[in-house]
Amino acid sequence: MRAVVLVGGFGTRLRPLTTTIPKPLLPVVDRSIVEHLVGHLAQHGVTEVVLALGFAPDAFIEAFADGTCAGIAMTYAVEPEPLDTAGAIRFAADAAGIDDTFIVANGDVLSDVDLTALVAYHRSTGAEGTLHLRSVADPSAFGVVGCDDDGRITQFVEKPAPGTEPSNWINAGCYVLEPSVLARIEPGRKVSIERVTFPAIVADGRLYGLLDDCYWLDTGRPEQYREANLDLVDGKRPTLGVRPGVSALADVDATAIVDRSVVRGGAIVGPHACLTESIVLDGARIEPRVILDRSIIGPGSRIGAGAILRNVVVGVDVDIESGSELTDTKVPES
Ligand code: GDD
Ligand code: MG
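Keep in mind it's a predicted model, so treat the numbers as computed, not measured. (Residues numbered from 1 in each chain as written. Chains lettered and ligands numbered in written order. Predicted model: local features only at pLDDT ≥ 70, side-chain atom pairs only at ≥ 80, totals over all residues. Heavy atoms only, no water.)

1. Let's talk about the overall build of the chain
Logical step 1: On a plain count of helices and strands, the chain comes out with 7 helices and 27 strands.
Logical step 2: Compactness check: the chain gives a C-alpha radius of gyration of 21 Å against a globular reference of 20 Å for 334 residues, within 12% of the reference.
Logical step 3: Of all 334 residues assigned to the chain, the portion counted as buried reaches 53%.
Logical step 4: Split by element, the accessible area of the chain, about 13600 Å² in all, is 50% carbon and sulfur.
Logical step 5: The average position of the 28 basic charges and that of the 46 acidic charges among the side chains of the chain differ by 2 Å. (Helix = DSSP H or I, 4+ residues; strand = E, 2+ residues; numbered from the N terminus. Rg over C-alpha atoms; globule rule 2.2 N^0.38 Å. Buried < 20%, exposed > 50% of the residue type's maximum accessible area, 1.4 Å probe, protein only. Areas by Shrake-Rupley, 256 points an atom, 1.4 Å probe, with all protein chains shown as cover. Lys, Arg positive; Asp, Glu negative; His and termini not counted. Charge placed at Lys NZ, Arg CZ, Asp CG, Glu CD.)

Here is the structure:
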């Protein structure tokens, strides 16, 4: 089965990390978000992935130069301009010649959804589309569904105003679709699957959902991106076990303290530095006595000696002066 993975968004909420690096290429411990995602699809029988690209396509083409990702074939469809979610699915599916039941996944979601069960359920109901649903405490930041007892979706509302949600079951960003869904999407135009296409299929009574409260995380905001990393270090993602946070290719001084943190290859952590729940990306330099608390340091950045950063996101190739004290901020700010 083939899958379209949507990776064309701007990753606005993760700036400044995503100013130059597309969100799905950010690493979560030992591999990029998209590699984690495609690896999971492959375990459930997906044999080929089409990346629906817009923003920064070259970075993806370089990252998977041999045309494979997580061991399966990967092709690309580069939109001439962002077509939004449905427009991107139509464009990518047309480019790949998809004419059979297929999977769509949002490229920023890490999950252990039982895709095999989702496909089986889809086939058993004869649905045109079947969504992975998940229950969350606060659904207003997501697509929210109302369902009847058979799993048929009776309402789909994207990002409803708080207090108006039909339930606390959300669209978890992974779908099984029939090719007939493609015919519902006008080609070459911006169309949102959440705001236009899903409500239209609901009106025809042909959209279904299956609740699977598996490990699931949308990595779209800094807090969640950090959480995705810490979950692997803590062994909270059941299918992956505990992953060591410090890369064998990092240079961490023996006197530094690294507590529930990730240090990627090529990064340097100097003497008496102290890292707590922080992510230090490739080639970043943490100088002596720096304190990093709940912070993310982008690739190639330098944090000068003695600086103290609490809840800070530092972008790519940024220089933070020695002795700086920063709290609850981003550098640069946009
Ligand atoms: N190719 C392409 N072109 N991809 C796009 C475009 C586009 O124009 N716009 C967005 N995407 C991709 C993003 O890169 C991301 O992988 C996915 O589509 C979803 O976009 P987000 O911007 O991350 O949406 P969201 O997180 O606010 O909401 C979506 O995900 C939620 C679950 O995490 C929606 O699908 C919600 O309904 C859902 O609950
Ligand atoms: Mg998202």
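2. Some points on helix α7 (residues 222-234)
Logical step 1: For α7, spanning 13 residues, the distance from its first C-alpha to its last is 18 Å, which sits close to the expected 18 Å at 1.5 Å a residue.
Logical step 2: Taken together, the buried positions of α7 are Pro222, Gln224, Tyr225, Arg226, Ala228, Asn229, Leu230, Asp231, Leu232 and Val233.
Logical step 3: Gly235 occupies a position one or two residues after α7 and carries a positive phi of about 70 degrees. (Expected span 1.5 Å × (residues − 1).)

3. Digging into the site of ligand 1
Logical step 1: Around ligand 1 lies a shell of 26 residues, among which Glu79, Glu158, Asn171, Glu194 and Asp218 are the nearest.
Logical step 2: Gly107 is positioned such that a nitrogen or oxygen atom in its backbone is 3.0 Å from an oxygen atom of ligand 1.
Logical step 3: Counting only elements with at least two residues in the shell around ligand 1, the list comes to α3 (84-96), β12 (169-177) and β14 (216-218).
Logical step 4: For the shell around ligand 1, the element with the most residues is α3, which contributes 3 residues.
Logical step 5: Across the shell around ligand 1, the residue classes tally to 10 nonpolar, 7 polar and 9 charged. (Near = heavy atom within 4 Å. Polar contact = N/O pair within 3.5 Å; in protein donor to acceptor, adjacent residues only side chain to side chain. Nonpolar A, V, L, I, M, F, W, Y, C, P; charged D, E, K, R; others polar.)

4. Quick notes on the coordination of the magnesium ion (ligand 2)
Logical step 1: The protein atoms that coordinate the magnesium ion (ligand 2) are Asp108 (OD) and Asp218 (OD), at distances spanning 2.1 to 2.5 Å. In this pair, Asp108 sits in the loop between β7 (102-106) and β8 (109-111) while Asp218 sits in strand β14, placing the two residues 110 residues apart along the sequence. Taken as a pair, Asp108 and Asp218 share a single burial class, namely buried. (Donors = N, O, S within 2.8 Å, 3.2 Å for Na, K, Ca; no water.)

5. Observations concerning the packing of α3 against helix α6 (residues 193-203)
Logical step 1: Axis separation between α3 and α6 bottoms out at 7 Å; the angle between their running directions is 70 degrees. It follows that α3 is roughly perpendicular to α6 by the angle criterion. Residue-level inspection shows Thr85, Ala86 and Ile89 of α3 in contact with α6, the latter providing Ile193, Glu194 and Thr197.
Logical step 2: Along the lines of polarity and charge, the residues of the contact of α3 with α6 split into 3 nonpolar, 2 polar and 1 charged. (Axes fitted to C-alpha atoms, helices over the stretch in contact; angles between N-to-C directions. Parallel < 35°, antiparallel > 145°, perpendicular 65-115°, else oblique. Contact = heavy atoms within 4.5 Å.)

6. Details of the nonpolar core
Nonpolar side chains tend to gather and get buried jointly when the protein is soluble and globular.
Logical step 1: Among the nonpolar cores identified, the biggest contains 46 residues, and Val5, Leu41, Val49, Leu51, Ile103 and Tyr225 are the most heavily contacted of them.
Logical step 2: Contributions of two or more residues to this core are made by β1 (2-6), α1 (33-43), β4 (48-53), β6 (72-78), β7, α4 (115-125), β12 and α7.
Logical step 3: Leave out the neighbours within four places in its chain, and Tyr225 touches Leu14, Leu17, Leu26, Pro27, Val28, Ile33, Thr219, Ile279, Leu281 and Ile296.
Logical step 4: Counting residues in each nonpolar core, the second largest holds 29 residues, with Ala77, Phe102, Leu177 and Leu182 among its members. (Core = buried A, V, L, I, M, F, W, Y, C linked by side-chain atoms within 4.5 Å.)

7. Quick word on the side chain of Gln224
Logical step 1: By secondary structure assignment, the location of Gln224 is in helix α7.
Logical step 2: Apart from residues no more than four positions distant in its own chain, Gln224 is found in contact with Leu217, Asp218 and Thr219.

8. Focus: the packing of aromatic side chains
How two aromatic rings sit relative to each other is set out by the distance from centre to centre and by the angle between their planes.
Logical step 1: Counted by the stated rule, this structure contains 4 aromatic pairs.
Logical step 2: Between the aromatic rings of Tyr175 and Phe198, the centroid separation amounts to 4.9 Å while the plane-to-plane angle is 90 degrees, which identifies the pairing as edge-to-face. In this pair, Tyr175 sits in strand β12 while Phe198 sits in helix α6, placing the two residues 23 residues apart along the sequence.
Logical step 3: Owing to a relative accessible area of 0%, Tyr175 belongs among the buried residues under this scheme.
Logical step 4: Clustering of aromatic rings is evident, with ring pairs tying together Phe156, Tyr175 and Phe198. (Phe/Tyr/Trp six-rings, centres within 6.5 Å; stacked < 30°, edge-to-face > 60°.)

9. Considering the state of the cysteines
Logical step 1: Tallying each qualifying case throughout the model produces 0 disulfides.
Logical step 2: The thiol of Cys147 is unpaired, and the distance to the nearest cysteine sulfur, on Cys174, comes to 16 Å.
Logical step 3: Look at Cys147 and you get partly exposed, because its relative accessible area is 28%.
Logical step 4: Cysteine Cys174 shares no disulfide, and the gap to the nearest cysteine sulfur, in Cys214, comes to 9.2 Å. (Disulfide = S-S within 2.5 Å.)

10. A word on the sheet that holds strand β15 (residues 251-252)
Logical step 1: Read from one edge to the other, the open sheet built from 5 strands follows the order β15-β18-β21-β24-β26, with strand pairing classed as parallel. Because the sheet does not close on itself, it has two edges, and the strands there are β15 and β26 (319-320).
Logical step 2: Taken together, the 2 bridges between strand β24 (residues 302-303) and β26 define a ladder with parallel strand orientation. Across the sheet, Arg302 pairs through a bridge with Asp319, a residue of β26. (Pairing = 2+ DSSP bridges.)

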